[in-house]
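A look at the structure
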Amino acid sequence: MANDETLAQPGRRDFLTQITAAVGGVGVAAACVPFVASMNPSSDVLAKATTEVDISHIPPDGVHTVPWQGKPVFIFHRTEEQIKQMQASNGVLDPATDKTRVQQPQWLVVVGVCTHMGCVPNKEGPGWVCHCHGSEYDDSGRVIRGPAPKNLEVPPYHFVDDSRIVIGVA
Ligand code: FES
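Given the structure is predicted, the values throughout are model-derived calculations rather than measurements.

What follows deals with the sheet that holds strand S4 (residues 107-111). The 3 strands lie next to each other as S2-S3-S4, forming an open sheet whose pairing is antiparallel. A single partner strand is all that each edge strand has here, and the edge strands are strand S2 (63-68) and S4. Across this sheet, the average inter-strand angle for adjacent strands is 20°, counted without regard to direction.

This is how it looks when you write it as structure tokens:
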């Protein structure tokens, strides 16, 4: 008889099934929160992943090199003349407009690691020269002479204000 009563109340049975599933779902979600949170980088890791740099002291035509994630990053304060020259060219071996490589025309920010075999290029005359095998880069960090195959990498960065940038986060 009890079975007949249960069979006669399908709405009640469905309701209890749904409530049980909902409570179980909430429990699983609550149990997952600490696991997901543990996968987020710690504040220590984030601090090493980003570098804040005061660029106010870098004179026009000056380069400041800062470490970021174990690599040098060149911050180059370009002059009006250098900006004009770079905007008039699209690069040679790895074409790219200057506009796509800078956020503000007077500031070039690039990883100072040659894209051939990883040496650190020197700022010499217009652009950079890598003395390991002779690659050259222009004042937009674009490769103009190999064997390097690619332009110097532009890292993720953003301006905090006119005098500070943070490297590591776009
Ligand atoms: S590592 Fe720079 S040219 Fe080879």
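Following the structure, the description resumes.
Take the state of the cysteines next. A full pass over the atoms with the stated rule returns 1 disulfide. The disulfide partner of Cys119 is Cys132, and the gap between their sulfur atoms is 1.9 Å. Every disulfide takes its handedness from the sign of the S-S torsion; for Cys119 and Cys132 that torsion is -95°, giving left-handed. Separated by 13 residues along the polypeptide, Cys119 in the loop between S4 and strand S5 (122-123) and Cys132 in the loop between strand S6 (128-129) and strand S7 (136-137) bring together distant segments of the chain. Judged by relative accessible area, which is 39%, Cys132 ranks as partly exposed.

Ranked by size, the top nonpolar core spans 14 residues in total, and within it Val53, Ile55, Val73, Ile75, Ile165 and Ile167 carry the most contacts. Among the elements that take part in this core, S4 stands out by supplying 3 residues, more than any other. Grouped together as the second largest cluster of nonpolar side chains are 12 residues, Val102, Cys114, Tyr137 and Ala148 included.

Now for the pattern of salt bridges. Counted under the stated rule, the structure contains 6 salt bridges. Among the ionic pairs, Lys123 bridges to Asp139, the shortest N-O distance being 2.8 Å. One end of the pair, Lys123, is in strand S5; the other, Asp139, is in the loop between S7 and strand S8 (143-145), with 16 residues separating them in the sequence. Owing to a relative accessible area of 29%, Lys123 belongs among the partly exposed residues under this scheme. Taking relative accessible area as the criterion, Asp139 reaches 3% and is therefore assigned buried. With its nearest N and O atoms 3.1 Å apart, the salt bridge here joins Glu136 to Arg145. According to the relative accessible area criterion, Glu136 is partly exposed, its value standing at 26%. In the salt-bridge network here, residues are joined through shared partners; they are Glu52, Asp161 and Arg164.

The subject of this paragraph is unusual backbone geometry. Residues Gly146 and Pro147 are joined by a peptide bond in cis, for which omega reads 20°. Unusually for a residue other than glycine, Asp61 sits at a positive phi of about 75°. The topology assignment puts Asp61 in the loop between strand S1 (51-54) and S2. Classification of Asp61 as partly exposed rests on a relative accessible area of 44%. The phi dihedral of Gln69 is positive, around 50°, even though this residue is not glycine. Within the secondary structure, Gln69 sits in the loop between S2 and strand S3 (71-77).

Our focus in this paragraph is the environment of Val111. Within the secondary structure layout, Val111 lies in strand S4. When the C-alpha positions of Val111 and Pro155 are compared, they lie 6.4 Å apart, and in sequence the two are 44 residues distant. Beyond its immediate sequence surroundings of up to four residues, Val111 is in contact with Trp68, Lys71, Pro72, Val73, Leu152, Glu153 and Pro155.

Criteria and thresholds
Residues numbered from 1 in each chain as written. Predicted model: local features only at pLDDT ≥ 70, side-chain atom pairs only at ≥ 80, totals over all residues. Heavy atoms only, no water. Pairing = 2+ DSSP bridges. Helix = DSSP H or I, 4+ residues; strand = E, 2+ residues; numbered from the N terminus. Axes fitted to C-alpha atoms, helices over the stretch in contact; angles between N-to-C directions. Disulfide = S-S within 2.5 Å. Buried < 20%, exposed > 50% of the residue type's maximum accessible area, 1.4 Å probe, protein only. Core = buried A, V, L, I, M, F, W, Y, C linked by side-chain atoms within 4.5 Å. Salt bridge = Lys/Arg side-chain N within 4 Å of Asp/Glu carboxyl O. Contact = heavy atoms within 4.5 Å.

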